[in-house]
Amino acid sequence: MSAPILREHKVPHRSKIPANFDAQVELPVREYDGTRSNQTPRTVLMLHGRSTPALAGFDLAPVPDGRATRYSWAQELADDGYDVFIMDLQGSGRSPRPRMDEANNANPAQQDLLVPNPLPAPLAPTYPHQLGNSESEWAELDTVVKYIRSRPGKDRPIRFVGWSLAAAIMGPYTLRNPDNVESLLLLAPVFPPKGRWSEKPDDPFGRPQAAQTLPVSLPAAQFGFPMFVGGRTGFITGMEGDPALREPGIQARAWQACMDSDPVGSKWGPEITPGVYEGVLRYRNTYWWGWNDRTVPYENPVGTKVLGNRVPVLIVTGELDRTANSPAAFPDPVRFSVRALYDAVKGPEKLMFCLAGAGHSLVWEVTAKTVHHISKQWFKNGKVYGHKTGSYFRDSFGELTELV
């Protein structure tokens, strides 16, 4: 069996982000084509979440000492015969980052990470707006989907894989474009049951108000800047889940992969040795809407549920994930619940697995092997461990218990 073919694509896109609206940009897309001879291509598209770039999340290099655990989900699927594409949205990874090279456009509350390099002192943003919005990110996803489906032999619907906040992009996109999507696999999905309904802000009683002109920068403390930044220490110490599920050094390797995707941010922050910097993680500030317990049960005009019927849904989550599961006291729309997403999907073809001890970053745990195995079963058979529907807890020995 031959190794998957690696290709790097530059997908042309007319930007819908207010900061560079209507500019012609290129979206980088990595492909591992594992299609075998005389086999119809089976395509997968993988999308990152809020802060971690796509390659760090889905294509982390093998462990240097040769241990068996692998962290490249993309290559695992390609080895199983799939044609796998990995994309970055603008504001993340190798994609364009409009207004983000200006360090003072970082969240003012986080600018201490940037003093004295590259900022001499905290400065007010020169672009006091968020970077993108749901419409701009749906448009980028659509551009990549159309590009993939225009390739020879790849005109069929695509299997979506989304980690974390990718759910808020791939989910609403699927509701609007079910003919483009064969199935939807959401890993540690972020879902606000009472999230924003649309780009029109609601009053406290949920009544729609006048349309807002994007970019939306009110409240200024939340939307008045295009970029968040994070430091290495917080990245490494902030991982959730059972530490026994993380191999030594995996956090540092994940951090370095994030830096490898950002030639600018990797030169910011403290200088460790002459010419070597600790780096900061730069990621977009986006205004999302359309992903809540009112939109997920959407029916098409002929009365068919989209999610869980027209498009089967698989959710994989970690038992100790506190990022995708907020305390009940958190206010809307920043209260998240994975179980609420499963309950909101009303079609019968929905399946969920909660993995023992896992946190939000399952892609960097030894749990990743289980995630890979689950995805292969589901893509091949539409079932996992013989189940096509239902929610289950998987313990550390592989035993399943039904969740009610």
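Residues numbered from 1 in each chain as written. Predicted model: local features only at pLDDT ≥ 70, side-chain atom pairs only at ≥ 80, totals over all residues. Heavy atoms only, no water.

Section: the pattern of salt bridges
Taken as a whole and assessed by the stated rule, the structure comprises 24 salt bridges. Where Asp 59 meets Arg 30, a salt bridge forms, and the shortest distance between an N and an O atom there is 2.8 Å. Taken together, the residues Asp 59 in the loop between helix H1 (54-58) and helix H2 (73-79) and Arg 30 in strand E2 (residues 24-33) connect sequence positions 29 residues apart. For the pair Asp 59 and Arg 30, one class covers both residues: buried. Linked by salt bridges that have partners in common, Glu 8, Arg 30, Asp 59 and Arg 94 make up one network. (Salt bridge = Lys/Arg side-chain N within 4 Å of Asp/Glu carboxyl O. Helix = DSSP H or I, 4+ residues; strand = E, 2+ residues; numbered from the N terminus. Buried < 20%, exposed > 50% of the residue type's maximum accessible area, 1.4 Å probe, protein only.)

Here's the deal with the sheet that holds strand E13 (residues 313-318)
The strand order E1-E2-E4-E3-E6-E7-E13-E14-E15-E16 describes an open sheet built from 10 strands, whose pairing is mixed. The open sheet has two free edges, formed respectively by strand E1 (5-14) and strand E16 (400-402), since each of these has just one partner strand. Direction aside, the axes of adjacent strands within the sheet are offset by 20° on average. One ladder, built from six bridges, connects strand E6 (residues 158-163) with strand E7 (residues 181-187); its direction is parallel. Across the sheet, residue Ile 158 finds its bridge partner in E7, namely Val 181. On the sheet, helix H3 (residues 134-149) packs against E1, E2, strand E3 (43-47), strand E4 (83-87) and E6 and is oriented at approximately 130° with respect to E1. Helix-sheet contacts for helix H9 (residues 368-381) involve E3, E6, E7, E13, strand E14 (350-355) and strand E15 (390-394), and the interaxial angle to E7 is about 160°. (Pairing = 2+ DSSP bridges. Axes fitted to C-alpha atoms, helices over the stretch in contact; angles between N-to-C directions. Contact = heavy atoms within 4.5 Å.)

Details of unusual backbone geometry
At the junction of Leu 218 and Pro 219, the peptide bond is cis and its omega measures out at 0° in the coordinates. The topology assignment puts Pro 219 in the loop between E7 and helix H5 (220-223). The step from Asp 332 to Pro 333 runs through a cis peptide bond, and the omega angle for that step is 5°. Considering the arrangement of structural elements, one finds Pro 333 in the loop between E13 and helix H8 (338-344). Within the chain, Asn 38 stands out as a residue other than glycine whose phi angle is a positive 65°. Take Asn 38: it is sitting in the loop between E2 and E3. One non-glycine residue, Arg 99, lies in positive phi territory at about 65°. Residue placement: Arg 99 occurs in the loop between E4 and strand E5 (132-133).

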